[in-house]
Amino acid sequence: MTIQPSTTAVLHGQTCACTTLSATTSSLVFFGETVEIPNIQYALSNNANDDQDSRDHIMSVPADGNTIVASGNSWKYVILPSTFTVTPATTLKFTFELFEETELHAICLLDSTHIKDSRNDCFFTAGVQDHDTSQGMKVSPYTEVGQEHTYEINVGSYFTGDVMYLGFIVDNDVGFTTGDVEKVYGQSSWSNIEIDSLPSLDIGLGSDTVAVENAQISYKSSSEDNTPIRDYMASISEDSSSINLVGNMWRALELPTPLSPTELGDFVVSFDFTLDEAGDIHGICFDENLSYGNADSPQNSESRRCVSTAYFHDKSDVLDVLLSDFQTRQSESHRYVLNLSKMFDKLYVNESGDPTPAPTPPPNLVHVGNNGSPGSAFPLKVCQGDCDNDNECSAGLECFQRGGFEMVPGCAGAGRSGSDYCYDPLRKETNIKYIAFINDNGADSSVGDSTYGNIAITTSLSSCLSGEDFDFQLSDCTIKKFLGEVEATMSNKADCTSTDPLLELFAIFDATQEMDVYSQIEKICTSAYKLDQYDFADNTLAIDDALERQLVKEYIDGGTVMNYEAEANSAVMIGKVNDKFATTRHFSMPKHHALDNCEMGAAMCCFVASRTNPDPADNSDVCYIDMKASRYTAHVRDGWSIYGDSSDDSIYCEGFAWGNDGGIASALKGNALFKVGFMDNFSGGKVEQVPGAPLCGCMDRMPVVTNAACTDVTDPTSVVDVHFDSAVGMFDASFTVGEITYGDCGGLNLVEHYESLVGVGKASAVDAAYMHKRVVGEVGCGVAINDFLSTKGLVMG
């Protein structure tokens, strides 16, 4: 029955201010476009043959056209401008306002004129009566009288299929209040209705871009994942360039078409990764199926198809993922480039060693029966359902118990929501069918926040520069500047269709991971600087055979006569080396356990005495020493010394930093050590280390102190000339020294200087935070000591 358009909006009470003339059309946003719907209302029913609607109650559309108001017992639908198909990525967004509550209030996406069709295509947002689950789904939060809520529902997680009608229900079929024989009580409105799709995830594939539908599936198992997925969606950006995972998620997306090893070609995957909050394990996967690799059963296992981007477990706990060479720390970002054709096993051959066969499409999920009926359909064949247990499946098959539209291994299609299907657990998928993301945190499923962006698969990796010689010059041979000059060279060469210097060098070096490229650049730069290095620790500072045997290693550990004699006779060679080489040569860093692997690119020396001044000008206090970190100096396996929260400046500390981007600052760190650790001994008389710690060392091996002065060493006029020899496919570099100068970091202390390195991209904010834990400030000892003791189960009294 057709109901003619209303001319006015009849609203109960004073809570709604939209009592305007009714529009003859209503509007909604339909997949990004605003469309008009004629305000011709039809009666909606509960079952196919009932009569649920009260004809006298007509929905009204205020003049803005964006709101539909239903009053009294109203079961109505309007015809959409065109039929559309709900997919797993389809969403419905609207604002719902409740003025008078009745039994039920709902909005529906319909393929028929009644709602009891078991499709769950009505969404209830208010009402005092429990709805029949065959009518639809209750969404949270339920709206109360006087409230307004905006809902965004992933309707594709409830049902899929065609939609022709948009329905609205205010159910008051029994007369909600005493005397309400006309069933006029009840009123709600729906506004700003949008039907759209979740953003797809764009993945570069060779020169093309593949849009991967945002139909999220649990990877490994639904028990590992936060479910139901609709309540814990990974968020894909509006521009489709990135996916963000928050909380415990094992989430997969099915590629539009499975990719064979032939189509993947070189299979070099690049992406940006940002870790805002650390979980247990973070990683990216490209998998044939939804089964996670198992390194504990190599004879019978799924091949490992996940690569870690960050993990916070012992290595023994993450054997089922391939560990990348760079593990991102919390609050950091990193660009990964991974040659998965080298990293993945069993990708190009099957388990018998034969070449990978041509792909065969998997069968679709088919619903043929339930509970053993009809008998002719049981036992079920592969990808048939609905099964309740393995006994209902043919020999060799198992019943895949799933929730919602979870994908069934070895089968295509969505099937029926909640139905279970038989599958072959031994079927081996040879084509990459899914991209998956791990944001695992088992102890607290709300923890973990990571983002993957600009994902691309390079199928044919080649170099455009390697066929010719080329040259460039660097004022500072860092990874960033090296890449910048390669990019500039590519932009000036007509044959280069790409301007990605990292992928260019990835091809030249035949790399497996991006860290291989960075390592090669560092070797090129280091080799140039190394030719000019002077090894002051190679017996040069010794004045006799006895001292030669113990210098420099024993001196850095706080020993030798250079630390203990009253005069500076044994240190006289320090002054001579300084005069002859300190401004013209790069000093190599001594090989010493206290100075090896300074990962944050900073070191410090601390002195407790002076040979020239009985009351030395000290600048710092010791908070505590962790002897486990300095065990080779302390000669104990573990232990600690607590010095308390004093402020009497009992020691002198001075440090230097070169950051973690390599270059001239790193090449000059030996000069900085020589100035702070050796020249201060000779010219300033500073001697002896804090007991249990080295005299000089990387920050993690030194005492935790309140302050440290700063020294910086620069060579602003030096240059590095880089040459690529196409005949041998190798880079060579030569260094021309300038004038080496020494300074006090512009008056900054060590912490402030390190923070300045962060500001220019030469150091990490994570390392700067760690620096604050090592040099804690004048009043920071108390907190630092308690934090340390808490790791031992103790509290300072």
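Our subject is the structure listed above.
Keep in mind the model is a prediction, meaning the values are calculated, not measured.

### Focus: the overall build of the protein
Looking only at helices and strands, the protein has 15 helices and 46 strands in total. By its C-alpha atoms, the protein is 110 × 65 × 55 Å across when sized along the principal axes. Looking at the protein as a whole, 51% of its 797 residues are labelled buried. Accessible surface computed for the protein: about 34,500 Å², of which carbon and sulfur atoms make up 48%. The average position of the 46 basic charges and that of the 116 acidic charges among the side chains of the protein differ by 7 Å.

### Section: the sheet that holds strand 36 (residues 622–626)
What the three strands build is an open sheet, ordered 37-36-41; its pairing is antiparallel. Sheet topology places strand 37 (640–642) and strand 41 (704–705) at the edges, where each strand pairs with a single neighbour. Two elements, strand 36 and strand 37, share three bridges in a ladder whose sense is antiparallel. Among the inter-strand pairings, Tyr624 is bridged to a residue of strand 37, identified as Ile642.

### Describing the packing of helix 13 (residues 750–759) against helix 14 (residues 765–774)
Running from amino to carboxyl end, helix 13 crosses helix 14 at an angle of 175°, the nearest separation of the two axes being 9 Å. On the basis of the axis angle, helix 13 is roughly antiparallel to helix 14. When helix 13 is examined against helix 14, the residues Leu750, Val751, Tyr754, Glu755 and Val758 are found in contact with a partner set consisting of Ala765, Asp767, Ala768, Met771 and His772. Residues belonging to the contact of helix 13 with helix 14 are distributed by class as follows: seven nonpolar, one polar and two charged.

### Some details on unusual backbone geometry
Omega for the bond connecting Ser140 with Pro141 falls within 30 degrees of zero, at 0°, which places this linkage in the cis form. Position of Pro141 relative to the elements: it lies in the loop between strand 10 (137–138) and strand 11 (148–153). Between Thr227 and Pro228 the backbone carries a cis peptide bond, its omega angle lying at 0°. As for its placement among the helices and strands, Pro228 is situated in the loop between strand 16 (217–218) and strand 17 (235–236). Positioned with a positive phi, Phe267 is a non-glycine residue whose angle comes to about 50°. Along the chain, Phe267 turns up in the loop between helix 1 (261–264) and strand 20 (268–277). Phe267 sits in the buried class, given a relative accessible area of 0%. Phi is positive for Asn371, which is not a glycine, with a value near 55°. Structurally, Asn371 can be placed in the loop between strand 25 (366–367) and strand 26 (384–385).

### A closer look at the pairing of strand 30 (residues 449–458)
With eight of ten residues buried, strand 30 lies mostly within the body of the structure. With two bridges connecting them, strand 14 (residues 201–205) and strand 30 associate as parallel partners. When the sheet's bridge partners are listed, Leu205 is paired in strand 30 with Ile457. Examined bridge by bridge, strand 18 (residues 242–246) and strand 30 share five bridges and lie antiparallel to one another. The residue bridging Asn244 from the neighbouring strand is Thr451, located in strand 30.

### What to know about the sheet that holds strand 38 (residues 652–657)
Strand order across the open sheet formed by four strands is 40-34-38-42, with mixed pairing between neighbours. The open sheet has two edge strands with one neighbour each: strand 40 (696–698) and strand 42 (709–710). The pairing of strand 34 (residues 602–607) with strand 38 spans six bridges and is antiparallel. Residue pairing in the sheet places Phe607 in a bridge with Tyr652 of strand 38. Sitting on the sheet, helix 13 is in contact with strand 34, strand 38 and strand 42, with an inclination near 10° to strand 38.

So, how was this worked out
- Residues numbered from 1 in each chain as written.
- Predicted model: local features only at pLDDT ≥ 70, side-chain atom pairs only at ≥ 80, totals over all residues.
- Heavy atoms only, no water.
- Helix = DSSP H or I, 4+ residues; strand = E, 2+ residues; numbered from the N terminus.
- Buried < 20%, exposed > 50% of the residue type's maximum accessible area, 1.4 Å probe, protein only.
- Areas by Shrake-Rupley, 256 points an atom, 1.4 Å probe, with all protein chains shown as cover.
- Lys, Arg positive; Asp, Glu negative; His and termini not counted.
- Charge placed at Lys NZ, Arg CZ, Asp CG, Glu CD.
- Pairing = 2+ DSSP bridges.
- Axes fitted to C-alpha atoms, helices over the stretch in contact; angles between N-to-C directions.
- Parallel < 35°, antiparallel > 145°, perpendicular 65-115°, else oblique.
- Contact = heavy atoms within 4.5 Å.
- Nonpolar A, V, L, I, M, F, W, Y, C, P; charged D, E, K, R; others polar.

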